[in-house]
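The residues making up each chain are set out below.
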Amino acid sequence: MTILEPSTRTSPPRSPGQFEVVGGRDVHVRGLTIAYSQGGQVVTPLKGFNLYAPASRVTAVIGRSGSGKTSLLSCIAAMLKPAAGAIWLGGIEVSALSGHLLDHYRRNHVGVVHQSYNLIPSLSALENVVVPLRLAGVSRRESSERAETLLDELGLIRFAKSHPGNLSGGQQQRVAVARALATNPALLIADEPTAHLDGSSVEDVCQLLRTIADAGRTVIMSTHDERLLHVADQQVQL
């Protein structure tokens, strides 16, 4: 399994609302505070939190339920805005992005594998992987070729026309990973990637995360599954 490297990106020409990641692919989180309202009270799972996640490494974020694992990953993926602090990917201050630049970051520079996969049930495996490429402006032909290549590398090409409901949990997870890698992002975020998988599928996920990191990407995952920890280069306890 090779997994196309970030340098082989298939993407449309850049516009003023786009950018490339410069200064490496390391993630720096500095003084991060996350706060939200729950039951009429303000909950602050993280306050003044710092994190360094280097490229080509797997960083595991561990902690009890409610400790802020998913919220932290959501902030790094720019799906949640922190109350304070800064998040950097290379030389880009992610937490300061807005408008088209924020959309471009989400579409092109970060791939997210959700705990429940979040595949579109009415689309085939191939079509699910094509979606982010089409949203990024890649042509239909290039999108299909890229999606087929990823599914082939992940051992799923024979299931390209299958819908999520006809796939096993492990197969759905791989489709979700292929979709997350579709635009060749510098950063892959996986939220509890083995939450619904059996033992054999867990080891497949470990090997997959290792391969993705070895290709030069930064990999950050949250997990409470001790079976995953051996693949992590560093562990961060919340």
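These figures come from a predicted structure and were not determined experimentally. (Residues numbered from 1 in each chain as written. Predicted model: local features only at pLDDT ≥ 70, side-chain atom pairs only at ≥ 80, totals over all residues. Heavy atoms only, no water.)

What the protein contains, in helices and strands, is six helices and nine strands. Radius of gyration (C-alpha) of the protein: 17 Å, near the 18 Å computed for a compact globule of 238 residues. In terms of its C-alpha atoms, the protein occupies a principal-axis envelope of roughly 50 × 45 × 35 Å. Of all 238 residues assigned to the protein, the portion counted as buried reaches 53%. Across the protein, contacts joining residues at least 24 apart in sequence account for 74% of those joining residues at least 6 apart. Here the protein displays about 10,900 Å² of accessible surface, and carbon together with sulfur accounts for 49% of that area. (Helix = DSSP H or I, 4+ residues; strand = E, 2+ residues; numbered from the N terminus. Rg over C-alpha atoms; globule rule 2.2 N^0.38 Å. Buried < 20%, exposed > 50% of the residue type's maximum accessible area, 1.4 Å probe, protein only. Contact = heavy atoms within 4.5 Å. Areas by Shrake-Rupley, 256 points an atom, 1.4 Å probe, with all protein chains shown as cover.)

Inspection of the secondary structure assignment puts Val 205 in helix α6 (residues 199-214). Accessibility expressed as a relative area gives 9% for Val 205, which makes it buried. Along the primary structure Val 205 and Leu 228 are separated by 23 residues, whereas in three dimensions their C-alpha atoms are 8.3 Å apart. Each residue touching Val 205, except ones within four places of it in the same chain, is listed here: Gln 173, Pro 193, Thr 194, Leu 197 and Leu 228.

To continue, consider the pairing of strand β3 (residues 58-62). Along β3, five of the five residues are buried, which leaves the element largely enclosed by surrounding structure. In β3, alternate side chains face the same way, and those of Val 58, Ala 60 and Ile 62 on one face and Thr 59 and Val 61 on the other are all buried. Sheet topology places β3 next to strand β8 (residues 218-222); four bridges connect them, and they run parallel. Counterpart to Thr 59 in the pairing with β8 is Ile 220. (Pairing = 2+ DSSP bridges.)

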